[in-house]
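Fold and contact review
Residues per chain are reported as follows:
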Amino acid sequence: MFATTPALAFDEATADRVLLHAQQKLRATATNPAIPTSQYPKATTEGPWRLVPNTANIDWVQGFFPGQLWLMYEPGRDSFWRSRADAWTRGLELQKSNPDIRQITHDLGFKFMTSFGQGYRLTGDDSYRQVMLTAAASLARRYNPTVGVIDCCDWNDDVWRVPMVTDTMMDLELLFWGARNGGNAAWNDMALSHALKTLKDMVRPDGGTFHVVDYNTSGGIRSRGTFQGFSDSSTWSRGQAWAIYGFTMAYRYTRDARMLRGAQRTADYYLARLPADSVPNWDFNAPTDQQQKDSSAAAIVASALQELSLYVSDPAVALRYRNAALAMLDSLSSPAYLTPATSDSPGILLHGTAFYRTAINPTGEDIDKSLIYGDYYFVEAVSRFKLWNAGGWLSKLGFPGSLHGLGTGNTGVRMVEFDVTPLSKFIDAVVGYADTSTHVTSLSGLAMSLRMNPSGFFDVRRGAEYAALANVPYEAHSTYHVRMRVDLGERNYSVWVTPPGGSEVLLADRFAFRSDAPPTDDLGKVSLKSGHFDDEFRVRGHTVRAGTAPATPDPPEPQEPESPDQIPPVDEPRTDDDVLGCTTASGAPFVAAALLLGLLGASRQRRSSSVR
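Residues numbered from 1 in each chain as written. Predicted model: local features only at pLDDT ≥ 70, side-chain atom pairs only at ≥ 80, totals over all residues. Heavy atoms only, no water.

1. Considering the pairing of strand E14 (residues 448–452)
Counting buried positions along E14 gives five out of five residues, so the element sits mostly inside the fold. The two faces of E14 match: Met448, Leu450 and Met452 on one face and Ser449 and Arg451 on the other face are all buried. With five bridges connecting them, strand E13 (residues 429–434) and E14 associate as antiparallel partners. Across the sheet, the residue bridging to Tyr433 is Met448, located in E14. Here E14 folds back onto strand E15 (residues 458–462), and the loop between the two strands holds five residues, one of which, Gly456, carries a positive phi near 95°. (Buried < 20%, exposed > 50% of the residue type's maximum accessible area, 1.4 Å probe, protein only. Helix = DSSP H or I, 4+ residues; strand = E, 2+ residues; numbered from the N terminus. Pairing = 2+ DSSP bridges.)

Here it is, written out as structure tokens:
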């Protein structure tokens, strides 16, 4: 039923080749004087991009181009990419709110998580976060509490009453994320309610999906069918892709087992129906004389399955999902689907299908084209491959995924060593330690913590505050060696940090354990806790061994910072897990995934406007 042969062709060298190709294509678009920062690419073949303006509220694609520019900025922090990503990102701010509910689209998640979300993840610029929270509040206005779903749109009111579409599963991330980053905690409940209604009413018993479920105003189902698929009983492949990615993302934020089951059911349906090249046709049930590949669906699922493989407990199933994702990437990076470097096409992937010819849309739209969203998810999938293929432990936003067991018996005096690599700057993240018996649901459960603070420096928890004996800044993609001496009997610890190419610096000398932490008799678990997004830093080579009790040196006089901006703050990082009631889980052998980024999804538009 499923392919079991390991996918070996897609590797680091292929990933680097694809990303270099993406850089070349994106640089050409970003420097094209015919494309101002108020216009956004949507689709193309051999000619120029077809563009949509930043004022097109009911379109859904404007976030994907700046999102790709941010992904180009991430590895090397080249200011070229940041300046252009910022310009096209800020051009979308005008869509964060609107007094007219009919001008607020369910696709705000697509638009803002890919653009402002990526920007905030990579720069820590709080102005991006504020825009995202305003956009999340706007999206929440579309929530219908009687039905329990995000009402997708108003442009088809002559046919639908309270419509729900598979695409909206992607937009839920704006609500999930916002609830954990300074927004209304109720947004989390809205998003989860919508996801559960999708699972109950949209996913068929065989794991396939309807594209549209329409409700009456009291919550009863009026109809189930399609808008962009072949028929009401068929499964539109990109709609299925939105479901796989959306349920996976929902599980990342909630750790709700129902979301994981939804992701697996929809993924298994999809994989069982793939052709030999792992790239589906636009609809799984369309007749043979109406078939057309949709590379965008393959790109979305290739990204989602890599993440899903990190969440399932069965190693064989996890391997099957990962191998399936790599097989998709292998096909998409081949000459059959990757645009030639020498072609005039500004796109990255060939053979995308936005809207095939149907009774609803007899002429179709953007058939056999390069699609900006297909390009985005392809670049995201390749970037995820490189991130998750590099090994080590990655930080997580939620406490359950952040925890790694260290075994029992780590008592008395212990020496801890590891390498830590921040993947963004500025972040607000900790490496913290707790007792084996401690049920960690907030930072107060961590008796010892090394923090990468929002001002760009390392500091250490001391009693009721964070402090540091020296100013040690951190930089994205630089690796720092950390050494700790923990005296569990005396309830204190010392921390040394060695910057790249530098000498070891004493950061904390016999600092007291956190004052409000529970009793800590051993080093039973470590938490790699992100502040705002998954995967903010990586830890490698973590070891714990028995230590002696050598005299530690007297603490040096604190260094005078060069400027007030260098003084690390002692504020407590935000812990929205307390509000949202996250629960703990035992440490995993490898880190659960996720991104960013992801971020995204959506469906439909007025026939004369946009389609997904």
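2. Comments concerning the pattern of salt bridges
Two side chains bearing opposite charge may form a pair once their charged atoms approach each other closely. Summed over all chains, the structure comprises 34 salt bridges. The salt bridge partner of Asp214 is Arg222, with a shortest N-O separation of 2.3 Å. In this structure, Asp535 and Lys396 form a salt bridge, with 2.6 Å as the shortest nitrogen-oxygen distance. Taken together, the positions of Asp535 in the loop between strand E20 (525–529) and strand E21 (537–546) and Lys396 in the loop between strand E10 (393–394) and helix H13 (399–402) put the pair 139 residues apart, joining distant regions of the chain. Note on accessibility: Asp535 and Lys396 belong to one class, buried. A single salt-bridge network, built from bridges that share partners, covers Lys42, Arg50, Asp59, Glu365, Asp366 and Lys369. (Salt bridge = Lys/Arg side-chain N within 4 Å of Asp/Glu carboxyl O.)

3. As for the sheet that holds strand E7 (residues 221–225)
Judged by pairing direction, the sheet is antiparallel, and its three strands sit side by side in the order E5-E6-E7 without closing on themselves. Since the sheet does not close on itself, it has two edges, and those belong to strand E5 (162–165) and E7, each with one partner. Averaged over all neighbouring strand pairs, the angle between strand axes comes to 15°, with direction disregarded. Where strand E6 (residues 212–215) lies against E7, four bridges are found, and the strand directions are antiparallel. Note on E7: the bridge partner recorded for Asp214 is Ser223. Each of E5, E6 and E7 is contacted by helix H7 (residues 186–201), which is oriented at about 80° to E5, the strand it contacts most. (Axes fitted to C-alpha atoms, helices over the stretch in contact; angles between N-to-C directions. Contact = heavy atoms within 4.5 Å.)

4. Examining the side chain of Ser343
Within the secondary structure, Ser343 is located in the loop between helix H11 (315–332) and strand E8 (352–355). Within polar-contact distance, the side chain of Ser343 engages the backbone oxygen of Pro340 at 3.0 Å. Not counting the four nearest positions on each side in its chain, Ser343 is found in contact with Lys25 and Glu46. (Polar contact = N/O pair within 3.5 Å; in protein donor to acceptor, adjacent residues only side chain to side chain.)

5. Quick look at the environment of Arg77
Relative to the helices and strands, Arg77 resides in the loop between helix H2 (64–76) and helix H3 (79–90). Remark: the alpha-carbon pair of Arg77 and Ser424, spanning 347 residues in sequence, is separated by 9.5 Å. Setting aside residues up to four positions removed in sequence, Arg77 forms contacts with Leu122, Leu423, Ser424, Lys425, Ala476 and His477. There is a polar contact of 2.9 Å between the side chain of Arg77 and the backbone oxygen of Leu122. Among the polar contacts made by the side chain of Arg77, one reaches the main-chain carbonyl oxygen of Leu423 at a distance of 2.7 Å.

6. Section: the state of the cysteines
Two cysteines joined by a covalent bond between their sulfur atoms form a disulfide. All chains considered together, the criterion is met by one disulfide. Covalent S-S linkage joins Cys152 and Cys153, the inter-sulfur distance amounting to 2.4 Å. Cys153 matches Cys152 in its accessibility class, with the two residues each being buried. (Disulfide = S-S within 2.5 Å.)

7. Remarks on the environment of Arg252
Locating Arg252 in the fold gives a position in helix H8 (residues 237–254). When the C-alpha atoms of Arg252 and Glu307 are compared, they prove to be 8.9 Å apart, with 55 residues separating the residues in sequence. In this structure the side chain of Arg252 is engaged in a polar contact, spanning 2.7 Å, whose partner is the side chain of Glu307.

8. A closer look at the packing of aromatic side chains
Evaluated as defined, the whole model comprises 34 aromatic pairs. Aromatic pair Phe10 and Phe385: ring centres 5.0 Å apart, planes at 75°, arrangement edge-to-face. One end of the pair, Phe10, is in the segment before helix H1 (12–30); the other, Phe385, is in helix H12 (residues 372–389), with 375 residues separating them in the sequence. Of the two residues examined, Phe10 and Phe385, each falls in the buried class. The structure contains a cluster of three or more aromatic residues connected by ring pairs, namely Trp60, Phe64, Phe110, Trp242, Tyr245, Tyr373, Tyr376 and Tyr377. The lysine or arginine in question, Arg204, covers the ring of Phe210, its NZ or CZ lying 4.1 Å from the ring centre. Arg273 extends its terminal NZ or CZ atom over the ring of Tyr269, reaching a point 3.6 Å from the ring centre. (Phe/Tyr/Trp six-rings, centres within 6.5 Å; stacked < 30°, edge-to-face > 60°. Lys NZ or Arg CZ within 6 Å of the ring centre and 35° of its normal.)

9. Comments concerning the pairing of strand E19 (residues 505–512)
The sheet contact formed by strand E18 (residues 492–498) and E19 spans five bridges and is antiparallel. Bridging across to E19, Val495 finds its partner in Ala508. Where E18 hands over to E19, the hairpin turn is made up of six residues, of which Gly501 adopts a positive phi near 75°.

10. Here's the deal with the packing of helix H4 (residues 108–123) against helix H5 (residues 126–140)
Contact geometry of H4 with H5 gives a least axis separation of 8 Å together with a crossing angle of 160°. As judged from the angle between their axes, H4 and H5 are roughly antiparallel. The two elements H4 and H5 meet at a crossing, and its hand is left-handed. On H5, the residues touching Leu108, Phe112, Met113, Phe116, Gly117, Gly119, Tyr120 and Thr123 of H4 are Asp126, Tyr128, Arg129, Val131, Met132, Ala135, Ser138 and Leu139. Residue composition of the contact of H4 with H5, grouped by class: 10 nonpolar, four polar and two charged. (Parallel < 35°, antiparallel > 145°, perpendicular 65-115°, else oblique. Left-handed = near helix turned anticlockwise from the far one by under 90°. Nonpolar A, V, L, I, M, F, W, Y, C, P; charged D, E, K, R; others polar.)

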